[in-house]
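Listed below, chain by chain, are the residues.
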Amino acid sequence: MRVNENILISSLTTMRLGGPARYVIEIERPEELPEAYGFAATYHLPTFVLGYGANTIGHDEGFPGAIIISRMKGIHETPTPDGIQLKVMSGEYWDDVVAYATSKGLTGIEGLSLIPGLAGAAPVQNIGAYGQEISDTLESIDVYDTATHSFTTLTASDLHFGYRQSILNTTESGRYFVISITLNLKHGQMPRPLYRSIEKYLSEHSITDFSPASIRDVVIAIRRSKLPDPLTEASAGSFFKNIFLDETATEACEAKGYPVHRTTDGGKLNSGWLIEQAGLAGQLIHGIRVSPKASLVLINESATSYTDLATARDEIISKVYDTYGFWLEQEPVELVAHLASPSASSAPSPSTSSSTPPTPPTGATK
Ligand code: EPU
């Protein structure tokens with residue numbers, strides 16, 4: 001476990017905003033988790049689990065507690081009758097996992113190529129792209145439960161997946177630290193027709209190879225052509241969610257000619273289209289650029305504070321609401337506190353604890 005002090009959140013998140021975090025604790029083995037959370041509980045420090053920081057927005061005042069990050073690596077394979085089950089440690093970079101799976105001819109996550117982030121964060125917001133979501137292939141996750149101070153396994157059905165959500169970012173937000181994710185992947189390829197933009201690319205480039213590795217290459221090419229590379233442009237990917245509509249609202253939107261994609265029980269309205277129609281694509285608002293190529297994406301071009309971003313966000317939401325009557329919802333999470341619950345066995349009683357944390361438990365490195 002490595003404990004670092006006073007680290008700027010702007011250096012840990014791809015939107016590159018946010019003041020100093022008091023502690024950043026890097027976890028290298030699961031056994032270190034009780035110690036890390038015990039330290040936070042003892043000194044009443046709020047905690048926040050961060051991955052690659054690609055979907056998290058830091059606040060200007062920083063974070064007064066402990067940010068905990070997985071550095072645990074490893075991919076373990078178990079053969080199944082029709083494929084391979086992969087158990088991936090949470091600190092692996094997500095796209096390395098997709099590259100590994102597709103190189104073995106495994107289908108199930110090739111559409112999720114080039115999504116920035118760590119493997120452990122993938123189930124939290126149920127990452128999705130090009131017709132796939134991680135919930136389609138996720139079997140279970142191994143976690144540390146900060147409420148019971150124990151290690152446990154949660155199955156996919158325990159996680160109550162939805163569009164960009166699971167219990168990990170809703171009802172149980174902050175409770176579980178993801179140690180590993182287990183995916184059931186199969187030999188084969190994605191069923192056709194594929195997502196519209198993939199089919200278009202395949203026909204324009206006369207590609208007839210639909211293998212996972214080939215579709216990965218196509219997804220990478222499409223993403224590179226429209227989405228910012230977080231290493232060169234500060235962004236958190238899609239900043240707004242698409243809008244789910246019930247049957248009545250879907251029919252009303254269709255009658256007006258709005259771009260709605262049918263789902264099993266209604267439709268999904270393309271929020272990017274609303275932003276474009278409101279005249280905001282490509283605009284620079286308080287240093288935040290609405291991407292001209294993918295209008296759901298906000299790029300931090302010259303914003304110097306969270307306040308700049310929040311002001312730009314609110315202006316976009318208001319303009320779309322005034323024009324179309326739809327309220328856009330922010331997709332990335334904000335880096336705010338979760339108070340660690342004291343362990344019955346390891347945390348001292350309140351009377352013996354101090355509100356001033358001393359030097360962290362294991363020094364700078366261990
Ligand atoms: N659509 C379909 N089926 C299709 C084509 C499009 O349902 O065959 C729908 C989409 O679901 C969406 C709309 O049409 O409602 C527009 O789709 P587009 O591919 O242009 O993407 P988007 O809405 O701008 C979403 C994700 C992206 C993801 C792309 C590609 C969100 C908030 N964003 O963006 O995810 O890469 O689809 O699948 O859902 C991210 O979350 O950071 C992100 C970049």
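Residues numbered from 1 in each chain as written. Predicted model: local features only at pLDDT ≥ 70, side-chain atom pairs only at ≥ 80, totals over all residues. Heavy atoms only, no water.

K.L.:
Would you explain the packing of helix α3 (residues 196–204) against helix α4 (residues 212–226) in this entry?
P.N.:
Each packed pair of helices is defined by two parameters, the angle between the axes and the distance between the axes. Their axes nearest at 10 Å, the elements α3 and α4 cross at an angle of 100 degrees. Judged by the inter-axis angle, α3 sits roughly perpendicular to α4. Touching Ser197, Ile198, Tyr201 and Leu202 of α3 are Ile215, Val218, Val219, Ala221 and Ile222, all from α4. Looking at the contact of α3 with α4, its residues break down into eight nonpolar, one polar and no charged. (Axes fitted to C-alpha atoms, helices over the stretch in contact; angles between N-to-C directions. Helix = DSSP H or I, 4+ residues; strand = E, 2+ residues; numbered from the N terminus. Parallel < 35°, antiparallel > 145°, perpendicular 65-115°, else oblique. Contact = heavy atoms within 4.5 Å. Nonpolar A, V, L, I, M, F, W, Y, C, P; charged D, E, K, R; others polar.)

K.L.:
Any chance you could explain unusual backbone geometry here in plain terms?
P.N.:
Generally, phi is negative for residues other than glycine and the peptide bonds are trans, each holding for most cases. Of note, the bond from Arg192 into Pro193 is cis; its omega dihedral lies within 30 degrees of zero at 0 degrees. Assignment of secondary structure puts Pro193 in the loop between β13 (176–187) and α3. Notably, Arg164 is not glycine yet its phi reads approximately 55 degrees, a positive angle. For Arg164, the location among the structural elements is in the loop between β12 (150–155) and β13. With a relative accessible area of 17%, Arg164 lands in the buried category. A positive phi angle, near 50 degrees, is found at His286, a position not held by glycine. (Buried < 20%, exposed > 50% of the residue type's maximum accessible area, 1.4 Å probe, protein only.)

K.L.:
Just to check I follow, could you spell out the nonpolar core for this structure?
P.N.:
For soluble globular proteins, nonpolar side chains are generally found buried alongside one another. Trp94, Ile109, Ile134, Ile141, Ile181, Leu183 and Ile198 are the most contacted members of the largest nonpolar core, which totals 38 residues. Looking at this core, the elements with two or more residues in it are β7 (83–89), α2 (94–103), β11 (138–145), β13, α3 and α4. Discounting chain neighbours no more than four positions away, the residues touching Ile134 are Trp94, Leu112, Ala122, Pro123, Asn126, Ile127, Ile181 and Leu183. Counting residues in each nonpolar core, the second largest holds 33 residues, with Trp273, Tyr306, Ala312 and Ile317 among its members. (Core = buried A, V, L, I, M, F, W, Y, C linked by side-chain atoms within 4.5 Å.)

K.L.:
Even after reading the chapter, I still don't get the packing of aromatic side chains, so can you show me in this structure?
P.N.:
Working definition: an aromatic ring pair is given by the centre-to-centre distance plus the angle between the planes. In the structure shown here, the tally under the stated rule is 13 aromatic pairs. Each ring, one from Tyr23 and one from Phe39, has its centre 5.2 Å from the other, and the planes form 80 degrees; the classification is edge-to-face. Of this pair, Tyr23 sits in strand β2 (residues 20–27) while Phe39 sits in helix α1 (residues 33–42); the two residues are 16 residues apart in sequence, bridging distant segments of the chain. Both residues of the pair, Tyr23 and Phe39, belong to the buried class. With a centroid separation of 5.5 Å and an interplanar angle of 85 degrees, the aromatic rings of Tyr258 and Tyr324 are classed as edge-to-face. Pair noted here: Tyr258 is in the loop between α5 (247–255) and β16 (260–263) and Tyr324 is in helix α7 (residues 306–324), with a separation of 66 residues, a long-range link. (Phe/Tyr/Trp six-rings, centres within 6.5 Å; stacked < 30°, edge-to-face > 60°.)

K.L.:
Before we go on, may I ask you to explain the pairing of β7 in this structure?
P.N.:
Within a regular beta strand, the side chains point alternately toward one face of the sheet and then the other, so they alternate between its two faces. In terms of burial, β7 is largely enclosed, as five of its seven residues are buried. Of the pairings in the sheet, the one linking β7 to β13 comprises seven bridges and is antiparallel in character. Following the sheet pairing, Met89 is matched in β13 by Ser180. (Pairing = 2+ DSSP bridges.)

K.L.:
Please clarify how the sheet that holds β16 should be interpreted in this entry.
P.N.:
Pairing between the strands of a sheet is mediated by backbone hydrogen bonds and can be parallel or antiparallel. Ordered by their spatial adjacency, three strands build an open sheet running β15-β17-β16, and the pairing between neighbours is antiparallel. The open sheet is flanked by β15 (243–245) and β16, the only strands paired with a single partner. Geometrically, the sheet is characterised by an average inter-axis angle of 30 degrees between neighbouring strands, direction not taken into account. Examined bridge by bridge, β16 and strand β17 (residues 266–269) share four bridges and lie antiparallel to one another. From the neighbouring strand, Val260 faces β17, where its bridge partner is Leu269. In the packing of α5 onto the sheet, contacts are made with β15, β16 and β17, and the angle to β16 comes to roughly 150 degrees.

K.L.:
Please explain α4 as it appears in this structure.
P.N.:
Helical geometry note: an α-helix holds 3.6 residues per turn, so side chains three or four residues apart project in the same direction. Between its first and last C-alpha, α4 extends 21 Å over 15 residues, near the 21 Å set by a 1.5 Å rise per residue. Those residues of α4 that fall on the buried side of the exposure criterion are Pro212, Ser214, Ile215, Arg216, Val218, Val219, Ile220, Ile222 and Arg223. Residues of α4 that are buried sit in contact with α2, β8 (106–107), β9 (128–129) and α3. (Expected span 1.5 Å × (residues − 1).)

K.L.:
Sorry, what's going on with the domain arrangement of the protein chain here?
P.N.:
Interface size is commonly expressed as the accessible area that is lost once the parts come together. We note that the domain assignment places domain 1 (2–72 + 334–346), domain 2 (75–187) and domain 3 (240–330) within the protein chain. Inter-centroid distance (C-alpha atoms) of domain 2 to domain 3 is 28 Å. (Domains from an automatic or database assignment.)

K.L.:
Looking at this structure, I do not really get the pairing of β2. What am I missing?
P.N.:
Among the eight residues in β2, six count as buried, and that is most of the element. With six bridges connecting them, strand β1 (residues 2–8) and β2 associate as antiparallel partners. Bridging from a neighbouring strand, Leu8 pairs with Pro20 of β2. Pairing of β2 with strand β5 (residues 63–70), which is carried by six bridges, proceeds in the parallel orientation. In the strand pairing of β5, Glu26 is matched with Ile69.

K.L.:
Looking at this model, I keep getting lost on the site of the ligand. Mind explaining?
P.N.:
Around the ligand there are 17 residues in total, and Tyr130, Tyr163, Arg164, Tyr195 and Lys268 lie nearest to it. One of the backbone N or O atoms of Tyr130 is found 2.7 Å from an oxygen atom in the ligand. Those elements that provide at least two residues to the shell around the ligand are α4 and β14 (234–238). Tallied by class, residues from the shell around the ligand come to six nonpolar, five polar and six charged. (Near = heavy atom within 4 Å. Polar contact = N/O pair within 3.5 Å; in protein donor to acceptor, adjacent residues only side chain to side chain.)

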